[in-house]
Amino acid sequence: MGYAHEYATAIMHRGRIPMEPVDFVPDWADRPRKTKHYPGAESFPLPDAPYPAHATLTAGCLSDGEPGADRRFSLPLLSGMLLDSYGLTGRRLGVQANTDLAALPHYTQANWSRGTASGGGLYPVSVYWVAGPSGPLAPGVHHYSPPHHAMRRLLAGDVSGEVRAALGSHGEATDQYLVLGVKYWQNAFKYNSFSFHAVSMDVGALLQTWRMWARARGLRLAPALWFDEARLGRLLGLGEEEGLFAVVPLHWDSPRPAAEARAADGAAVVRQDVERSRRVLEFDTLQAIHRATAEHAVDRPAPGALDGSAPAPPAATGDPVALPPAAFPDVSVRAALRSRRSSFGRFDATVPTTAAQLATTLAACAATRLDSDAEPEGTPRLSRLYAFVNHVEGIEPGAYAYEPDTHTLRLVVAGPPGRFLQDNYFLSNYNLEQAGAVVVPTLRTTAVLDAVGDRGYRLVNATVGAIAQTFYTASSALGLGAGVALGFDNISYIEELGLEGTGEAPLLIMLLGNERPQPADFRSEIA
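Enquirer: So what exactly am I meant to see when it comes to the pairing of strand E16 (residues 509-513) here?
Expert: Regular strands have side chains that alternate between both faces of the sheet. Counting buried positions along E16 gives 5 out of 5 residues, so the element sits mostly inside the fold. Where burial is concerned, the two faces of E16 agree: the one with Ile509, Leu511 and Gly513 and the one with Met510 and Leu512 are both buried. With 3 bridges joining them, strand E13 (residues 437-443) and E16 adopt antiparallel strand pairing. In the sheet register, Val439 faces E16, and the bridge partner there is Met510. In the sheet, strand E14 (residues 481-485) pairs with E16 via 5 bridges, with the strands oriented antiparallel. Pairing of Gly481 across the sheet is with Gly513, part of E16.

Enquirer: I keep staring at the sheet that holds strand E8 (residues 242-249) and nothing clicks. Help me out?
Expert: Paired through their backbone hydrogen bonds, the strands of a sheet run either parallel or antiparallel. Spatially, the 6 strands line up as an open sheet ordered E1-E6-E5-E4-E7-E8, and their pairing is antiparallel. Of all strands in the sheet, those bounded by a partner on one side alone are strand E1 (43-45) and E8. When the angles between neighbouring strand axes are averaged without regard to direction, this sheet yields 30 degrees. Judged from the 3 bridges that link them, E1 and strand E6 (residues 150-156) form a sheet pairing that is antiparallel.

Enquirer: Explain the nonpolar core to me, please; I cannot follow it from the model alone.
Expert: When a protein is soluble and globular, its nonpolar side chains tend to lie buried together. In terms of nonpolar packing, the biggest core is built from 135 residues, with Phe73, Trp210 and Ile509 touching the most fellow members. If sequence neighbours within four positions are ignored, Trp210 has contacts with Met81, Leu82, Ser85, Val127, Leu178, Leu180, Leu221 and Val248. In terms of nonpolar packing, the next biggest core, distinct from the first, is built from 22 residues, Val141, Val159, Phe227 and Leu244 among them.

Enquirer: I would appreciate a short explanation of the pattern of salt bridges in the present structure.
Expert: A side chain with one charge may pair with a side chain of the opposite charge, provided their charged atoms come close. For the coordinates displayed, the defined rule picks out 22 salt bridges. As a salt-bridge pair, Arg211 and Asp371 come within 3.3 Å of each other at their nearest N and O atoms. With Arg211 in helix H5 (residues 195-216) and Asp371 in the loop between helix H9 (355-366) and strand E10 (383-389), this pair connects stretches of sequence that are 160 residues apart. Take Arg211: its relative accessible area is 8%, and that puts it in the buried class. Here the salt bridges share partners, and the residues they tie into one network are Arg16, Asp489 and Glu495.

Reading guide: rules and limits
- Numbering of residues starts from 1 in every chain and runs along the sequence as written.
- Thresholds applied to this predicted model are a pLDDT of at least 70 for local features of residues and 80 or more for the giving and counting of side-chain atom pairs; totals over whole chains, interfaces and linings are not thresholded and use all residues.
- Values reported for side chains reflect all heavy atoms of the structure, with hydrogen atoms and water molecules removed beforehand.
- When a residue's accessible area, from a 1.4 Å probe over protein chains only, is under 20% of the maximum for its type it is buried; when over 50% it is exposed; and in between it is partly exposed.
- Helix and strand definitions here come from DSSP, where helices need a minimum of 4 consecutive H or I residues and strands a minimum of 2 consecutive E residues; each element is numbered from the N-terminal end.
- By this definition, two strands are paired if DSSP reports at least two bridges between them.
- Helix axes are fitted to C-alpha atoms over the stretch in contact, other axes to C-alpha atoms as well, and angles between N-to-C directions run from 0 to 180 degrees.
- Take the buried residues of types Ala, Val, Leu, Ile, Met, Phe, Trp, Tyr and Cys, join any two whose side-chain atoms come within 4.5 Å, and each joined set is a nonpolar core.
- Working rule for contacts: check all heavy atoms of both residues, and any pair within 4.5 Å makes them a contact.
- Salt bridges are counted wherever a side-chain nitrogen of Lys or Arg sits within 4 Å of a carboxyl oxygen of Asp or Glu.

Here it is as structure tokens:
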């Protein structure tokens, strides 16, 4: 049993047993940048990328057409995917209940909207593009700069063979790769030891945005979570201050086929990120979980390793409640991503959520999976969804388990759940009882760790982060308010849903419902 078990237990109990350091207070005046800064690096602005009207959402948050073998990435497509996922697309201000409201009107604390959700709005994921000779730029390593929507060259020369070698058996016939890293301090300055739990969800949210965006264009993405992390860390010139969480091979549209690039022994990025914070703290728990999940990064799970990690049938009672068919309105993925936001206390139960809206959201979330290297075809769903129904037309209040195969709800706990939801929420930025429903994804974290080792913690959290991103995108397309929160008593949810014997861990609560009309909001589009 590795350290990830210990960390997962501490996360689940943190509502009752605070994690160290218990007296930590963020130094907001010395906070880091929200992106890495490489002064002097050559910059290449990315081109515009028109978005076709036919790339719309379906019930599974996928396009109507499956990815085609002949559909490949180009520079405009890569540009569009990065802009719609992590690029800055607008500035927003609004009267709401989050604790950071007083700071947002100031330019230095501006709330720049993005398509992908992020815990605390911190956006700590770094995107590197390792480009071989088949791409449109000279081969090298580039870092995506969201504020500029540009690539900054960190290294010149073809080192794509290093990435292919690091991927091992998952390496594909390409020389174009996106590598996702997390500079921990960008999140840990606020969340200390808890930050690893949050940033690993952020990675999943970004991957799911890319998956939805690419599938709507008929493109295929299959991220690798198991690879030689130490080797890629040396290539990118990183130490333990940054973890590498995923590698995404890109099939490139090029007249030049990808060559079988050789490993570039000794090649490494020497240009370093310049930290804004005068004082950077280290947290023993964060360092320990980073090392534990990076230690056996090359030991990719064998096919079928996760088959026993699927949740068991729920302890539900009563007849199943049939749900209306899942269906989105005619909304493009880009439009849904760009209108995504957190509701922060603006829920209003005066107008209840419809059963069709809840049904579509549940179906989309249940269809979410990363399609990672640990999940070959036939791997069962790792997650289960529960819905605490407050105000949904035609559905009695209560806690239900969602059955995706039959598209039904099964009652777990009868009666209005509002009191339970609010009593077990720690923050003041939401009134959970006013939401139409609160959706709770669960995964059997311990079973996954037993099956694939400590690195499975990254898979668990990336999966739930992907579900959260689907939830936000679906609610946006349906015209509903949404919010995702981690500040709740996980153990109380286990007890309320009767999950003590199943091993299911509630990792997020996701609020869905209508908002108060005529909000006092400001919105300025910049992209």
